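Observations on the three-dimensional arrangement
The chain contents come next:
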Amino acid sequence: MRSFRFDKLWLLSEREQKARVIPLKRNSNALVGTNHTGKSTVSRSLFTAFGCATRPLGGEWDKDVVIAVEFNVEGQDYTMLRRGTVHTLFDSRHSVVWATAESGELRDKLSSLLGFSLSLTANRSSEIRQARPAFFFVPFFVDQDGSWDSSWRTFQRLGEFQQWERPTLDLALGIRPPEYWQASNQLAAKRRELDDVV
């Protein structure tokens, strides 16, 4: 996995004709406010921009907010823009690198950009598939509404894969490389095939 840093969050409500820009410091940031002032919504917006299925944004926030996140990967600046279901990546010169409204294509393009290669076994089909962007971010984000009552429930729909917690954490911490988990999943698939034959 490559180094990654959030730099700035842009929120635009076309319905309300309002916008907000939130610069993010390099080492640490603190969102301070009383209850129901939007701290969680701001945090979730960062990940929503990358296609992560977060809990709903705050009740008073525009559900159709346009989100842009300036970020850095390995010293290279980018901007991710999400408007509705369309995700558009811009380079540091504000030129479009790619755009997609298809979740599988978004997964593949972000995985390539982030150097994120994590193959996991799907629950329903037992098919081995590349993990979504949420699995890149989940070790680094705790959502107060989902992570206190049940561990690793920061994002929704994480249960699409079998036993995803250990490979995700091992990859994030650099304990085992992506190839290990890919080989492990392929071995498990072969064992299932043998069990079906016997």
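What counts and what doesn't
- Residues numbered from 1 in each chain as written.
- Predicted model: local features only at pLDDT ≥ 70, side-chain atom pairs only at ≥ 80, totals over all residues.
- Heavy atoms only, no water.
- Core = buried A, V, L, I, M, F, W, Y, C linked by side-chain atoms within 4.5 Å.
- Buried < 20%, exposed > 50% of the residue type's maximum accessible area, 1.4 Å probe, protein only.
- Helix = DSSP H or I, 4+ residues; strand = E, 2+ residues; numbered from the N terminus.
- Contact = heavy atoms within 4.5 Å.
- Pairing = 2+ DSSP bridges.
- Axes fitted to C-alpha atoms, helices over the stretch in contact; angles between N-to-C directions.
- Polar contact = N/O pair within 3.5 Å; in protein donor to acceptor, adjacent residues only side chain to side chain.
- Salt bridge = Lys/Arg side-chain N within 4 Å of Asp/Glu carboxyl O.
- Patch = residues over 30% accessible without salt bridge, like charges linked within 9 Å, V, L, I, M, F, W, Y side chains within 5 Å.
- Areas by Shrake-Rupley, 256 points an atom, 1.4 Å probe, with all protein chains shown as cover.
- Expected span 1.5 Å × (residues − 1).

Concerning the nonpolar core
Counting residues in hydrophobic clusters, the biggest one holds 41 residues, and the most contacted among them are F50, V69, F71, F135 and F155. If you list the elements that add at least two residues to this core, you get strand 1 (4-13), helix 1 (39-48), strand 3 (66-73), strand 4 (76-83), helix 2 (103-114) and helix 3 (134-137). Setting aside chain neighbours within four positions, we find F135 in contact with F116, L118, L120, L158, E160, F161, W164 and T168.

Some words on the pairing of strand 3
Counting buried residues along strand 3, seven of its eight residues qualify, which places the element largely inside the surrounding structure. As paired strands, strand 3 and strand 4 are joined by seven bridges and run antiparallel to one another. In the sheet register, V73 faces strand 4, and the bridge partner there is Q76. Joining the antiparallel neighbours strand 3 and strand 4 is a turn of two residues, in which E74 adopts a positive phi near 50 degrees.

Side note on the sheet that holds strand 1
Spatially, 2-1-3-4-5-6 is the arrangement adopted by the six strands of the open sheet, whose pairing is antiparallel. With one partner strand each, in any of the chains shown, strand 2 (18-23) and strand 6 (96-100) form the two edges of the open sheet. Adjacent strand axes in the sheet meet at a mean angle of 15 degrees when their direction is disregarded. Judged from the five bridges that link them, strand 4 and strand 5 (residues 86-90) form a sheet pairing that is antiparallel. Within the sheet, the bridge partner assigned to T79 lies in strand 5 and is F90. Helix-sheet contacts for helix 1 involve strand 1, strand 2, strand 3, strand 4 and strand 5, and the interaxial angle to strand 1 is about 110 degrees. Against the sheet, helix 2 makes contact with strand 1, strand 3, strand 4, strand 5 and strand 6, and its axis sits at roughly 145 degrees relative to strand 6, the strand it touches most.

Concerning the environment of T48
Turning to its location among the elements, T48 is positioned in helix 1. Taking the C-alpha atoms as reference points, T48 and A68, separated by 20 residues in sequence, lie 9.9 Å from one another. Each residue touching T48, except ones within four places of it in the same chain, is listed here: T54, I67, R82 and H87.

Let's talk about the side chain of R5
Locating R5 in the fold gives a position in strand 1. Polar side-chain contacts of R5 include one of 2.7 Å to the side chain of D7.

Side note on the pattern of salt bridges
This model, assessed by the stated rule, comprises twelve salt bridges. With a closest N to O distance of 3.2 Å, R93 and D91 form a salt bridge. Residue class for R93 comes out exposed when judged on its relative accessible area of 62%. By relative accessible area, D91 is classed as buried at 13%.

With respect to a nonpolar patch on the surface
Residues L169, L173 and I175 make up a contiguous nonpolar surface patch of about 280 Å² in total accessible area. Its location among the elements puts L173 in helix 4 (residues 165-173).

Here we look at helix 2
Between its first and last C-alpha, helix 2 extends 16 Å over twelve residues, near the 16 Å set by a 1.5 Å rise per residue. All buried positions along helix 2 are accounted for by G104, L106, L110, S111, L113 and L114. Here helix 2 starts with a cap whose side-chain oxygen sits 3.1 Å from the backbone nitrogen of G104, and that cap is E102. Positive backbone phi, at 65 degrees, marks G115, one or two positions downstream of helix 2.

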